[in-house]
Amino acid sequence: MDARRGRDGAHALGLAAVNTPAVEVSDLVKTYGSSTAVDGIGFAMAPGSVLALLGPNGAGKTTTVEICEGFRRADAGTVRVLGLDPHTDGARLRPRIGVMPQGGGAYPGVRAGEMLRLVAACAANPLDPAWLIDTLGLGSCARTPYKRLSGGQQQRLSLACALVGRPELVFLDEPTAGMDPQARRLVWELVAALRADGVAVLLTTHLMEEAEALADQVVIVDGGRVVAEGTPAQLTEERPETQALRFRAKSGMDTGLLVAALPEGCAVSEPSPGGYLVTGTVDPQVVSTVTAWCAQQGVLAEELRVGRRSLEDVFLDLTGRELRS
Amino acid sequence: MSGRFAPGTFTPAPGAGAPARMLLTHARTEAMLTLRNGEQVLLTLLIPLALLIGLTYVTVVDLPEPRVDSLVPRVFALAVMSTAFTGQAIALGFDRRYGVLKRLAATALPRWLLVAGRVVGCLAVVALQLVVLGVTGALLGWTPTVGALVWTVVLVVLGTLVFGALGVLLGGSLKAEVVLALANVIWLVLLLAGGVVLTVDALPAGMAEVVRLLPSAALTEGLTDALVRGTAPALSTVVTLLGWGAAAGLLATRTTKLV
């Protein structure tokens, strides 16, 4: 009987582990003096999934992540990370998570390999530090002191430190800040590989395309509150009536005639030189009007496409302000 | 998006490392970084070494003969103070600036190991310093007894812990540049007027009573008892050291910040 009870107990535990959200935050509040950094943020992150906290600087992303990591204590609300309270159960939680804090973290005089070996020594079954150093393109600067590494190299070392302990869940705070496009691509591949191997990833970013490319779930925060959440597709397809038609042509064209020819409610703008944007209800007639106008102007409309709004459009609609990097 | 990483590369296998391995790796890293830092080597090794050799031959300071015998305990005390207080304070100030404490606090490294690693790293550097200074002293004619060396080890470990706590108290809460300035100034003041180069007995009466209560004077006196007078250190020196250590340790646990 005892043995059976034991087995049933283990079974129940296993089920609980499968169903436990990787991160569950509700009604989180954190104030610093008179300013409120986090003002009621809440979300739940499925195990093994990728969640992006998206928002401008000062939105409360880092504070939220640091509360989840156990570095800060919430003033109100509850936080469960892998089913544990990060503040009271930190010692049990830390071996199971990987953390990439914003702005790196290493001894000023340490070499990349030494730092990674130290962090690896803290884990029971670490990845091979030498392999990780090479994979992240740090082999060429393996003997350079940390303080002389470029910002992007410091970021990559920090990422390696977050991954080396084979965690179940990693927190990546602005993982691609200061990285060149190649390194950013590598980080994206890493996140995809982590997800494929069952590692949950909570990342913060102010880059729309990063959230759109990586995340199963996007939580848009602004002013310490959640202003929208859902899959990238849900967020961008919420209001199909506000579609967009984009095309490229020579810059600086007078679009007055085009606006006159289009149905009421359509607007034309040129957000970047030569990149035109028509918003409104984009139906086949609108597409035909645009191409006819281009033909009249004697220009070829390149890269013409009708698409849903980008996450950036959604963000601007929701917060009415520009993203700042 | 696939190709670069074979499936299963990152399959979770979490868990904390073995405490002994964490401690060893952490302490080794700390000691190695100290020894690789030029300014630290100047402070911890070259200045005590220069004082030992210089004051043995240059008689600007009145010392009982043989001069090297009375200098060895003073440079030992100075070496402990340099590494455990000034070195530790400055390193901690900049480590905090660079976020390394936060980095390590985010790993499975338990909090007690975060402290223990630094302490063991510090003790390793102090041991190396004393070997170099001791061998140099021996070449200059210093001949210690075994009993004296036992007391020396006890006092050096105690001194390292006490000055280490003071170093953490200073380096754990202020800005790195402020720590750098204060740690060097305090080191110089303690060296000149804290009962190290000039022992308490050589100071004017009113000043001696105050200086006697400083940890620098207590450590120097204790080591002089052991190495020159061949006795156990006076209880008052041990009590003074313990008092400073307890006060600094308790305060430091409240004031030390990760960043």
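Every value quoted in this text rests on a predicted model; they were computed, and no experiment measured them.

Draft legend 1. Structural detail: the overall build of chain A. Check the secondary structure of chain A and you find 12 helices and 13 strands. Out of the 325 residues in chain A, the part that is buried amounts to 49%. A sequence separation of at least 24 residues applies to 68% of the contacts in chain A between residues at least 6 apart. Just so you have it, chain A exposes about 14400 Å², and 49% of that area is on carbon and sulfur atoms.

Draft legend 2. The arrangement of the UniProt feature "domain: ABC-2 type transporter transmembrane" (unreviewed entry) in chain B in detail. In the numbering used here, UniProt assigns the "domain: ABC-2 type transporter transmembrane" (unreviewed entry) feature to residues 30-226 of chain B. Between the C-alpha atoms that bound residues 30-226 of chain B there is a distance of 30 Å. The span itself is 79% helix and 0% strand.

Draft legend 3. Structural view of the packing of aromatic side chains. According to the stated counting rule, one finds six aromatic pairs over all chains in the structure shown. Between W131 of chain A and F10 of chain B, the ring centres sit 6.2 Å apart and the planes meet at 50°, which makes this aromatic pair tilted. One end of the pair, W131 of chain A, is in helix α5 (residues 129-135); the other, F10 of chain B, is in the segment before α1 (19-36), on a second chain. Note on W131 of chain A: relative accessible area 32%, which makes it partly exposed. Both rings, one in F76 of chain B and one in W142 of chain B, keep their centres 5.9 Å apart while their planes meet at 80°; by these two values the pair is edge-to-face. In this pair, F76 of chain B is assigned in helix α3 (residues 67-97) and W142 of chain B in the loop between α5 (111-139) and α6 (146-171), connecting sequence segments 66 residues apart. We classify F76 of chain B as buried; its relative accessible area is 4%.

Draft legend 4. Just α1 of chain B, in detail. For α1 of chain B, which comprises 18 residues, the first-to-last C-alpha distance of 26 Å matches the rise-based estimate of 26 Å (1.5 Å per residue) to within 8%. Turning to α1 of chain B, its buried residues are M22, T25, H26, A27, T29, E30, A31, L33 and T34 of chain B. Looking at the buried positions of α1 of chain B, the neighbouring elements they touch are α4 (112-121) of chain A together with α2 (38-57), α4 (100-105) and α5 of chain B.

Draft legend 5. Broad picture of the pairing of strand β10 (residues 243-248) of chain A. All names here are of chain A. For β10 and strand β12 (residues 275-280), the ladder comprises six bridges, and the chain directions are antiparallel. What sits directly across from L245, in β12, is V278. Summarising the sheet, β10 and strand β13 (residues 302-307) pair through four bridges and their orientation is antiparallel. When the bridges of β13 are listed, L245 appears paired with V306.

Draft legend 6. The arrangement of the pattern of salt bridges in detail. Residues and elements named next belong to chain A. Considering all chains together, one arrives at 17 salt bridges over all chains under this definition. Here E174 and K61 are joined by a salt bridge, their closest N and O atoms 3.7 Å apart. Taken together, the positions of E174 in the loop between β6 (169-173) and α7 (181-196) and K61 in helix α2 (residues 61-69) put the pair 113 residues apart, joining distant regions of the chain. On the accessibility criterion, E174 (8% relative accessible area) is buried. Taking the relative accessible area as the measure of exposure, K61 reaches 4% and is therefore buried.

Draft legend 7. Here's a closer look at the sheet that holds β13 of chain A. Residues and elements named next belong to chain A. Pairing is antiparallel in the open sheet, where four strands are placed in the order β11-β12-β10-β13. Sheet topology places β11 (267-272) and β13 at the edges, where each strand pairs with a single neighbour. Recorded for the sheet is a direction-independent mean angle of 20° between the axes of neighbouring strands. Against the sheet, helix α11 (residues 284-297) contacts β10, β12 and β13, and its axis sits at roughly 20° relative to β10.

Draft legend 8. Summary view of the interface of chain A and chain B. Across the contact, 48 residues belong to chain A and 40 residues belong to chain B. A per-residue breakdown of the area chain A buries against chain B is headed by R94, Y107 and C122 of chain A, which together make up 18% of the total. Our count for the contact surface shared by chain A and chain B stands at three salt bridges. With a closest N to O distance of 2.5 Å, R36 of chain B and E114 of chain A form a salt bridge. Linking chain A to chain B there are 18 residue pairs in polar contact (both at pLDDT 80 or more). Listed by contribution, the elements that provide at least two residues to the side of chain A that touches chain B are β5 (97-100), α4, α5, α6 (151-163) and α7 of chain A.

Draft legend 9. Quick look at the sheet that holds strand β4 (residues 76-81) of chain A. Residue and element names in this part refer to chain A. On the basis of which strands lie adjacent, the open sheet formed by three strands has the order β2-β1-β4 and antiparallel pairing. Of all the strands in the sheet, the pair left with one neighbour each is β2 (35-45) and β4. Ignoring strand direction, the axes of neighbouring strands in this sheet form an average angle of 20°. The pairing of strand β1 (residues 23-32) with β2 spans eight bridges and is antiparallel. The residue of β2 that forms the bridge with Y32 is S35.

Draft legend 10. Representation of the confidence of the model for chain B. Residue and element names in this part refer to chain B. Averaged over every residue, the pLDDT of chain B is 93; the share at 70 or more is 99%. Within chain B, α1 carries the highest mean pLDDT (96), whereas helix α8 (residues 205-211) carries the lowest (89). Predicted as a complex, the structure gets a pTM of 0.84 and an ipTM equal to 0.90.

Draft legend 11. Spatial organisation of the UniProt feature "transmembrane region" (unreviewed entry) in chain B. Taking the numbering used here, the UniProt-annotated feature "transmembrane region" (unreviewed entry) corresponds to residues 41-60, 72-94, 115-142, 148-171, 178-200 and 234-253 of chain B. As annotated, residues 178-200 of chain B has a helix share of 70% and a strand share of 0%, and its two end C-alpha atoms lie 29 Å apart.

Draft legend 12. Representation of the packing of α6 of chain B against helix α7 (residues 176-193) of chain B in the model. At their nearest, the axes of α6 of chain B and α7 of chain B sit 10 Å apart, and the two run at 145° to each other. Between α6 of chain B and α7 of chain B, the contacting residues are F163, L170 and G171 of chain B on the first element and V179, L182, A183, I186 and L190 of chain B on the second.

Scoring rules and cut-offs
Residues numbered from 1 in each chain as written. Chains lettered and ligands numbered in written order. Predicted model: local features only at pLDDT ≥ 70, side-chain atom pairs only at ≥ 80, totals over all residues. Heavy atoms only, no water. Helix = DSSP H or I, 4+ residues; strand = E, 2+ residues; numbered from the N terminus. Buried < 20%, exposed > 50% of the residue type's maximum accessible area, 1.4 Å probe, protein only. Contact = heavy atoms within 4.5 Å. Areas by Shrake-Rupley, 256 points an atom, 1.4 Å probe, with all protein chains shown as cover. UniProt positions renumbered as here; feature names shortened; annotations may be inferred. Phe/Tyr/Trp six-rings, centres within 6.5 Å; stacked < 30°, edge-to-face > 60°. Expected span 1.5 Å × (residues − 1). Pairing = 2+ DSSP bridges. Salt bridge = Lys/Arg side-chain N within 4 Å of Asp/Glu carboxyl O. Axes fitted to C-alpha atoms, helices over the stretch in contact; angles between N-to-C directions. Buried area = accessible area lost by both parts, 1.4 Å probe. Polar contact = N/O pair within 3.5 Å; in protein donor to acceptor, adjacent residues only side chain to side chain. pLDDT = per-residue confidence, 0-100.

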